[in-house]
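Next come the chains, spelled out residue by residue.
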Amino acid sequence: MSTAPGNRPDGYGVYARRLTLGGRVQGVGFRPFIYRLAARYGLTGWVRNSTGQVTVVVEGAAAALADFKRDLIHSAPPLARPEVISETDCAPAGYSAFRILASAEGVQPDIHIPPDQFVCEDCLAELRDPGQRRYAYPFINCTQCGPRYTIITALPYDRPNTTLRDFVLCPDCRREYENPLDRRFHAQPLACPACGPSLRFKDKSTEIQGDQDALAAAVRVLLRGQVLAVRGVGGYHLMCDAASDAAVIRLRTRKQRPRKPLAVMFPLRGSDGLGAVACAVRLNVTARDRLADPMRPIVLAPRRADNGLSDQLAPGLNDLGVLLPYSPLHCLLLAACDRALVATSGNLSGEPVITDPVHAEHQLFRVADAFLHHNRPIQRPADDPVYRSTGCGTRPIRLGRGNAPLEHRLPIPVPRPALAVGGHMKCTLALAWEDRVVVSPHIGDLDSPRAERVFRQVADDLQRLYGIQAQALVCDAHPRYASSQWAKHDGRPVTPVFHHHAHASALAGEHPEIERWLIFTWDGVGYGADGTLWGGEVFLGASGRWQRVASFRPFRPPGGDAAGREPWRSAAGLCWASGRAWTAPVASPELVRSAWERGLQSPETSAAGRLFDAAASLILDLHRTSFEGQGPMQLEAMAGVPDDPIRLPMDTDAEGVLRVDWGPLLGPLCDASRAPEQRSGLFHDTLVAAAAEVTRRLAETHRFDAVGLTGGVFQNSVLCERLTGALVGQGFPVCQHRIVPCNDGGLSFGQVVEWAAVEEGNKMRQQRRGHGG
């Protein structure tokens, strides 16, 4: 720190500085850290929360002030992300000590809400130590761990503004809470067995209060092979023995989830905690790092053949979703059972995870044999985040507890605060103001009244907690999406954004260094600019000025939206359009064919996702599925070694769009003399070759700096890795998602980026017109 004349020492060489810090400084132990830092360097003054910011005034010797400022950033607590917003000289006031002042209110907010955090190593050590008063206490926490987003009711982040406001601290906890040198100083979820939340076990005949007895009863349920509903940090899990076929089948049958993969939670073993996980799945370095990350996500990783777990966990798939216990309760439960446990969302299919005990018992009583409740209220749901391990690193599949609310800087600031409402499936919301955007945790599919209620709650909560009232709404262009309908009935100005423009801009928003793109946006379906259903598009340009330059030959699956869960419809649409015989697997196939021929309820689509559905039907005889993406996922799992691809014809249509014709694929896909593995590999490799050829052709006439891959189809690691290899081998840089999901969970972020770019373009055009340009 400089001691130039700009600083103002008193007559004894004491200097004073005032600093304002933003970033993630709430709920992460930042003020007690500053207190300890000031004590280390013999400084006086004060620190105070100011609705999202922290203000510090320090007095002392110049050298001590310089050391203090350096360590303020470089030695901050692990969960903090401080940024110096302003720094000014001030006159020394002669403070006799350093104090932590009460939080200030009524100032302009600069708020950063931390996600929920996993149990830290210090608390884990206490949890295991019989000599500690919080030994085996399921709700142990400190300033470096514990719930945040799911318990905050208002800001500033103080205990009265959390769901623990009614838990009065006992004298021992009060002393820790008020001692600036204690790691639990102002830990807002602070609790112990004497004054904090507790467990309650309930089954059809018994109710047991008390942490130890309730936990023991829950363990007995799991060891008997039964299903247990467990209230965690952001909602309920349904849990059972992951090694027992009978237990897993029982859970699947009751939840009516016959094939969808189930996540598995493993006990902590080994120096890094990953010993048990590594026996079940193959972990590369990035997967290990992601599993051990403070967010503690589910990571999809390749299963080992001899993993000792039930084959019913992910039937027909190669990957298994694995995670470590992240709350003290999960740690205790896994340690007591000493085995891997299924840990799947406690909800009805597609809905947000259930948070309330009464609601859980009402909705899940046919699924769970027993319930392990607790009485710490959950303000809003947060499901587990999901990442996929690939040869290109780990990529986000779902945002949730531990990594959301997700904050990011926008490449172009928004002209006014806006709320983007995402799509209809895998819905998230994004609140944007200035150059900041905050993406909510995964809400789910907006197909039920409860999902729509949670959607509205999250929309209200984001604006209230961040102190930002959206002046504009951004939605998907599809008129029938529940999110779009909510936006249009809200009363604020609404801007619709085309589905695939949002996908492209979501990727562009993660990579602002790329000026001009060629982006493949492949997914199921989305409303296109020409009123048809797109999903196999290639765009050139940048956010706000996308040009559609390539697509697949369109076709018409009979039945419209029903094609999403009935792959035979896509197969029928391809075969009938090519003059191939195909008998629909329904009671009256001739009626379906007749309706298709007359163009009834068979909208045109160019979606790559529907091509995958058709391939699954033709190769696997998989005509109906129990969850979205089942057919493509099973195709990916069986894809054989790279094969000589079929060259697909390409021609430019009347609108200048290069059309890729899938027709030559049908013969090999229908050829039952070929093994399914061979046909699946050929299908993948043919699409890879087609995409690579599209890129080469367009590079001859257009300039672009990188190729992007986005949309739900690119969750397929076989397709993604083979296409990335082909493009990089030809000299094209390739970018994928690393922050938001490539599926519809990233749409809200992309909507904000696209809207900001369009608004910026409109502003520049108006300025040019104003200057006569």
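Residues numbered from 1 in each chain as written. Predicted model: local features only at pLDDT ≥ 70, side-chain atom pairs only at ≥ 80, totals over all residues. Heavy atoms only, no water.

Observations regarding the packing of helix α16 (residues 608-620) against helix α17 (residues 630-638)
Where α16 meets α17, the closest approach of the two axes is 8 Å, and the angle between their N-to-C directions is 65 degrees. Judged by the twist between their axes, the crossing of α16 over α17 is left-handed. On the side of α16, the interface is formed by Phe 612, Asp 613, Ala 615, Ala 616, Ile 619 and Leu 620, while α17 contributes Gly 631, Pro 632, Gln 634, Leu 635 and Met 638. (Axes fitted to C-alpha atoms, helices over the stretch in contact; angles between N-to-C directions. Helix = DSSP H or I, 4+ residues; strand = E, 2+ residues; numbered from the N terminus. Left-handed = near helix turned anticlockwise from the far one by under 90°. Contact = heavy atoms within 4.5 Å.)

Overview of the confidence of the model for the protein
Here the protein averages 94 in pLDDT, and 97% of its residues register 70 or above. In this model, residues 1-7 is a region of pLDDT below 50 whose contacts with residues beyond four sequence positions or in other chains number 11 contacts. (pLDDT = per-residue confidence, 0-100.)

Looking at the packing of aromatic side chains
Considering all chains together, one arrives at 14 aromatic pairs under this definition. Between Tyr 137 and Phe 139, the aromatic rings sit 5.6 Å apart at their centres with planes inclined by 70 degrees, giving edge-to-face as the arrangement. In this pair, the class of Tyr 137 matches that of Phe 139, namely buried. A centroid spacing of 5.9 Å and a plane angle of 75 degrees characterise the contact between Phe 555 and Trp 662, whose relative ring orientation is edge-to-face. In this pair, Phe 555 sits in the loop between β25 (545-552) and α14 (568-577) while Trp 662 sits in the loop between β27 (658-660) and α18 (666-670), placing the two residues 107 residues apart along the sequence. According to the relative accessible area criterion, Trp 662 is buried, its value standing at 2%. Feature note: the residues Phe 520, Trp 522, Phe 552 and Phe 714 constitute an aromatic cluster, connected by ring pairs. Note that Arg 290 overlies the ring of Tyr 387, its terminal NZ or CZ placed 4.1 Å from the centroid. Sitting above the plane of the Trp 662 ring, Arg 553 keeps its charged end 4.0 Å from the centroid. (Phe/Tyr/Trp six-rings, centres within 6.5 Å; stacked < 30°, edge-to-face > 60°. Buried < 20%, exposed > 50% of the residue type's maximum accessible area, 1.4 Å probe, protein only. Lys NZ or Arg CZ within 6 Å of the ring centre and 35° of its normal.)

Focus: the pattern of salt bridges
Once the charged atoms of two side chains with opposite charge are near each other, the side chains can pair. Overall, the coordinates contain 44 salt bridges when judged by the stated rule. For Arg 436, the salt bridge is made with Glu 407, and the minimal N-O distance between the two is 3.1 Å. Linking Arg 436 in strand β20 (residues 436-439) with Glu 407 in strand β17 (residues 406-409), this pair joins segments that are 29 residues apart in sequence. A relative accessible area of 4% means that Arg 436 is categorised as buried. Relative accessible area serves as the criterion here: at 27%, Glu 407 is assigned to the partly exposed category. (Salt bridge = Lys/Arg side-chain N within 4 Å of Asp/Glu carboxyl O.)

A short note on the environment of Gln 678
Structurally, Gln 678 can be placed in helix α19 (residues 676-701). Each C-alpha atom, one on Gln 678 and one on Val 586, is 28 Å from the other, the two residues being 92 residues apart in sequence.

What to know about the environment of Gly 60
By the secondary structure assignment, Gly 60 is in strand β3 (residues 53-60). Owing to a relative accessible area of 9%, Gly 60 belongs among the buried residues under this scheme. Spatially, the C-alpha atom of Gly 60 lies 5.1 Å from that of Leu 43, the residues being 17 residues apart in sequence. Filtering out sequence-adjacent residues up to four positions away, Gly 60 remains in contact with Gly 13, Val 14, Tyr 15, Leu 43 and Leu 65.

As for the sheet that holds strand β26 (residues 650-652)
With mixed pairing, the seven strands of this open sheet are ordered in space as β26-β27-β25-β24-β23-β28-β29. Single-partner strands in this sheet number two, and they are β26 and β29 (734-735). Sheet analysis places strand β23 (residues 517-527) next to strand β28 (residues 706-710), joined by five bridges and oriented parallel. Bridge assignment links Leu 518 to a residue of β28, and that residue is Val 707. Packing of α19 onto the sheet brings it into contact with β23, β24 (533-542), β25, β26, β27 and β28, and relative to β23 it is tilted by some 135 degrees. (Pairing = 2+ DSSP bridges.)

What about the packing of α17 against α19?
Running from N to C, α17 and α19 point in directions that differ by 105 degrees, and their axes come no closer than 8 Å. Of the possible angle classes, the one that applies to α17 and α19 is roughly perpendicular. Residue-level inspection shows Leu 635, Glu 636 and Met 638 of α17 in contact with α19, the latter providing Pro 676, Glu 677, Ser 680, Phe 683 and His 684. Of the residues assigned to the contact of α17 with α19, the class counts are four nonpolar, two polar and two charged. (Parallel < 35°, antiparallel > 145°, perpendicular 65-115°, else oblique. Nonpolar A, V, L, I, M, F, W, Y, C, P; charged D, E, K, R; others polar.)

Some details on the sheet that holds strand β14 (residues 370-374)
Spatially, β7-β6-β14-β8-β9-β13-β10-β12-β11-β15-β16 is the arrangement adopted by the 11 strands of the open sheet, whose pairing is mixed. Only two strands of the sheet have a single neighbouring strand rather than two, namely β7 (207-209) and β16 (393-398). Looking at chain direction, strand β15 (residues 386-390) and β16 are connected through five bridges and run antiparallel. Bridging from a neighbouring strand, Thr 390 pairs with Gly 393 of β16.

Observations regarding the layout of surface pockets
Reported here for the second largest pocket is a volume of approximately 760 Å³. Residue assignment for the lining of the second largest pocket shows that the elements contributing at least two residues are β1 (15-24), β4 (81-89) and β17. When residues in the lining of the second largest pocket are grouped by element, the largest group, four residues, is from β17. (1 Å grid on protein atoms, 1.4 Å probe; cavity = no way out; pocket = protein on both sides within 12 Å on 5 of 7 lines; lining within 4 Å. Points joined across faces, edges and corners; volume = space filled by probe spheres on them.)

Here we look at the nonpolar core
Counting 56 residues, the largest nonpolar core has Phe 520, Trp 522, Phe 683 and Val 694 as the members making the most contacts within it. Per-element accounting of this core gives the leading share, nine residues, to α19. Ala 218, Cys 331, Leu 334 and Val 386 belong to the second largest nonpolar core, which has 44 residues in total. (Core = buried A, V, L, I, M, F, W, Y, C linked by side-chain atoms within 4.5 Å.)

Digging into the side chain of Ser 389
Residue position: Ser 389 is located in strand β15. A distance of 3.3 Å separates a polar atom in the side chain of Ser 389 from a polar atom in the side chain of Asn 284. Residues within four places of Ser 389 in sequence aside, it is in contact with Asn 284, Ala 287, Val 299, Leu 300 and Thr 394. (Polar contact = N/O pair within 3.5 Å; in protein donor to acceptor, adjacent residues only side chain to side chain.)

Examining the pairing of β16
Here β16 lies mainly inside the structure; six of its six residues are buried. What sits between β15 and β16 in their antiparallel hairpin is a turn of two residues.

Comments concerning helix α6 (residues 245-255)
Turning to α6, its buried residues number three or more, namely Ala 247, Val 248, Leu 251, Arg 252 and Lys 255. Buried residues along α6 cover an arc of 130 degrees about the axis, so they all sit on one side. Against the buried residues of α6 lie β9 (236-241) and β13 (341-345). Backbone geometry just after α6 places Gln 256 at a positive phi near 55 degrees. (Arc of directions from axis to C-beta.)

Here's the deal with unusual backbone geometry
Cis rather than trans, the peptide bond between Ala 404 and Pro 405 has omega equal to 10 degrees. On the secondary structure map, Pro 405 appears in the loop between β16 and β17. Backbone geometry places Ala 136, a non-glycine residue, at a positive phi of 60 degrees. Inspection of the secondary structure puts Ala 136 in the loop between α3 (121-127) and α4 (171-178). The backbone of Asp 338 shows a phi angle near 55 degrees, a positive value even though the residue is not glycine.

Looking at the state of the cysteines
According to the stated counting rule, one finds zero disulfides in the structure shown. Cys 173 takes part in no disulfide bond, and the closest cysteine sulfur, belonging to Cys 192, lies 3.6 Å away. Classification of Cys 173 by relative accessible area gives buried; the value is 0%. The cysteine Cys 575 is free of any disulfide, with Cys 670 supplying the nearest cysteine sulfur at 4.6 Å. (Disulfide = S-S within 2.5 Å.)

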